[in-house]
Amino acid sequence: GVYISGCTMIASNYGVYCNPSQGESGLQITNTHMSCARSCVYMNNMFDVAITGNLLYRNGTAVAHSTIKVLSGGRLAITGYMFKGLNNSTFPEIGVELTSTINDIQYGGLVTGNTYHNYASRAVWIGANCNYVKIGDSQYRNCAQKVLSQQENKNNIVDIAGYTGNAIYTLTGGALSETID
């Protein structure tokens with residue numbers, strides 16, 4: 001497997017690019033900062049994936065961008081992220097793009113507890129061939145669309161009850177208050 005922790009990857013097309021010819025097990029990315037043009041994490045045929053607690057965002061607007069792109073794979077957890085798009089691109093901009101996962105409950109995945117800011121297209125995209133993926137509670141700020149689900153089966157779960165809108169903080173006489181519109 002591959003274990004990445006505490007790294008900085010700035011101004012590249014891809015941060016982590018995994019495309020083995022056969023299924024590969026074990027990709028863990030933690031506490032890492034990436035700013036990439038096409039994708040911060042690009043995966044195909046990857047299993048047993050844990051991506052947690054990173055700062056990931058787009059660099060430039062000249063190409064289509066998926067911050068995390070999963071073409072195929074399974075047993076994945078994408079949690080505790082700060083995702084930031086630019087919201088001013090003429091090209092598609094997606095936070096997490098899940099194209100295909102194995103149609104077996106033991107290969108399911110979880111995407112939850114993330115914060116998405118400024119995605120011009122959608123924060124999360126579940127492709128038609130995704131299976132047993134749960135999209136859990138996350139925060140969505142200034143995103144054109146929270147989650148697009150094109151699933152053809154009905155075994156995914158989308159629970160996006162997170163907060164949306166803008167938070168305005170006010171400090172008056174030593175007391176802090178918050179207003180969410």
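Whatever comes next refers back to the structure up there.
### Details of the overall build of the protein chain
The helix and strand tally for the protein chain stands at 0 helices and 19 strands. Buried residues in the protein chain amount to 43% of all 181 residues. Within the protein chain, counting contacts between residues at least 6 apart in sequence, those at least 24 apart form 66% of the total. Accessible surface computed for the protein chain: about 8,500 Å², of which carbon and sulfur atoms make up 50%.

### Here's the deal with the nonpolar core
Counting residues in each nonpolar core, the largest one holds 35 residues, and the members touching the most others are Ile 68 and Tyr 116. By residue number, the principal contributor to this core is strand E4 (residues 33-43), which donates 5 residues.

### Notes on the side chain of Ser 138
The topology assignment puts Ser 138 in the loop between strand E14 (133-135) and strand E15 (139-141). Residue classification places Ser 138 among the buried positions, given a relative accessible area of 2%.

### Describing the packing of aromatic side chains
Counted under the stated rule, the structure contains 8 aromatic pairs. Here the aromatic rings of Phe 47 and Tyr 107 are separated by 5.8 Å at their centres, their planes lie at 70°, and the arrangement is edge-to-face. Placement of the pair is Phe 47 in strand E5 (residues 46-52) and Tyr 107 in the loop between strand E10 (93-100) and strand E11 (109-112), with a sequence separation of 60 residues. Taken together, a centroid distance of 4.9 Å and an interplanar angle of 25° make the contact between Tyr 81 and Phe 83 stacked. Given a relative accessible area of 3%, Tyr 81 falls into the buried group. Among the aromatic side chains, those forming a connected cluster through ring pairs are Tyr 81, Phe 83, Tyr 116, Tyr 119 and Tyr 140. Sitting over the ring of Trp 125, Arg 122 keeps its end group 4.7 Å from the ring centre.

### Remarks on the pattern of salt bridges
Overall, the coordinates contain 3 salt bridges when judged by the stated rule. Between Asp 48 and Arg 75 there is a salt bridge, with its nearest N and O atoms 2.4 Å apart. One end of the pair, Asp 48, is in strand E5; the other, Arg 75, is in strand E8 (residues 73-79), with 27 residues separating them in the sequence. You can call Arg 75 partly exposed: its relative accessible area is 29%. The partner of Lys 69 in a salt bridge is Glu 97, and the shortest N-O contact between them spans 3.9 Å. Of the two residues, Lys 69 is situated in strand E7 (residues 65-70) and Glu 97 in strand E10; the sequence distance between them amounts to 28 residues.

### What to know about the side chain of Glu 97
The exposure class assigned to Glu 97 is buried, which follows from its relative accessible area of 10%. Here the side chain of Glu 97 touches Ser 66 through a polar contact of 2.5 Å, side chain to side chain. Non-local contacts of Glu 97, meaning those with residues more than four positions away in its chain, are made with Ser 66, Ile 68, Lys 69, Val 70 and Trp 125.

Calculation notes
Residues numbered from 1 in each chain as written. Predicted model: local features only at pLDDT ≥ 70, side-chain atom pairs only at ≥ 80, totals over all residues. Heavy atoms only, no water. Helix = DSSP H or I, 4+ residues; strand = E, 2+ residues; numbered from the N terminus. Buried < 20%, exposed > 50% of the residue type's maximum accessible area, 1.4 Å probe, protein only. Contact = heavy atoms within 4.5 Å. Areas by Shrake-Rupley, 256 points an atom, 1.4 Å probe, with all protein chains shown as cover. Core = buried A, V, L, I, M, F, W, Y, C linked by side-chain atoms within 4.5 Å. Phe/Tyr/Trp six-rings, centres within 6.5 Å; stacked < 30°, edge-to-face > 60°. Lys NZ or Arg CZ within 6 Å of the ring centre and 35° of its normal. Salt bridge = Lys/Arg side-chain N within 4 Å of Asp/Glu carboxyl O. Polar contact = N/O pair within 3.5 Å; in protein donor to acceptor, adjacent residues only side chain to side chain.

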